[in-house]
Amino acid sequence: MTELTYEEFCALPMQYTMGMSTASGAHRMYRNEQVKLQQEIHTNREGYDDPYGGWKEQTVTFFLDGDARQFDTLEDVYVAYMEKACGIKEEA
């Protein structure tokens, strides 16, 4: 794994890989295969089965392949990435 600055990490290109819209909301996934980063965005609808009722605030979650944790911020997933890149082991 390559060490990256936070600015480089934030600028990584993300490719849209999947998305779906349902009666209750929408889910989209983006990936960067270079660093094995996945971003998932979930947005609930204002009203169930109301396509014209608007959207609530979205929830963004990040994942790294091979790491069981879920990250709520880009800063947290960057720290986890750099732990792997630098060979720092997680404390149990």
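Data block above holds the structure.
Residues numbered from 1 in each chain as written. Predicted model: local features only at pLDDT ≥ 70, side-chain atom pairs only at ≥ 80, totals over all residues. Heavy atoms only, no water.

Here we come to the packing of aromatic side chains. Two aromatic rings are characterised by how far apart their centres lie and by the angle between their planes. Going through the model one piece at a time under the given rule, you end up with 4 aromatic pairs. Summarising the aromatic geometry, the rings of Tyr 6 and Tyr 78 are spaced 5.3 Å apart at their centres and angled 75° between planes, so their arrangement reads as edge-to-face. Note that Tyr 6 is positioned in helix α1 (residues 6-10) and Tyr 78 in helix α2 (residues 74-85), a separation of 72 residues in sequence. Classification of Tyr 6 by relative accessible area gives partly exposed; the value is 27%. For the ring pair Phe 9 and Tyr 81, a centre distance of 5.4 Å and an interplane angle of 35° mean the geometry is tilted. Within this pair, whereas Phe 9 is found in helix α1, its partner Tyr 81 is found in helix α2, the two being separated by 72 residues in sequence. Summarising the burial analysis for this pair, Phe 9 and Tyr 81 share the class buried. Through a chain of ring-to-ring contacts, the aromatic side chains of Tyr 6, Phe 9, Tyr 78 and Tyr 81 assemble into a single cluster. (Phe/Tyr/Trp six-rings, centres within 6.5 Å; stacked < 30°, edge-to-face > 60°. Helix = DSSP H or I, 4+ residues; strand = E, 2+ residues; numbered from the N terminus. Buried < 20%, exposed > 50% of the residue type's maximum accessible area, 1.4 Å probe, protein only.)

For α2, which comprises 12 residues, the first-to-last C-alpha distance of 16 Å matches the rise-based estimate of 16 Å (1.5 Å per residue) to within 8%. Taken as a whole, α2 has its buried residues at Val 77, Tyr 78, Ala 80, Tyr 81, Met 82 and Ala 85. Those residues of α2 that are buried are in contact with α1, β3 (37-44) and β4 (59-64). Just beyond α2, the residue with positive phi is Gly 87, at close to 75°. (Expected span 1.5 Å × (residues − 1). Contact = heavy atoms within 4.5 Å.)

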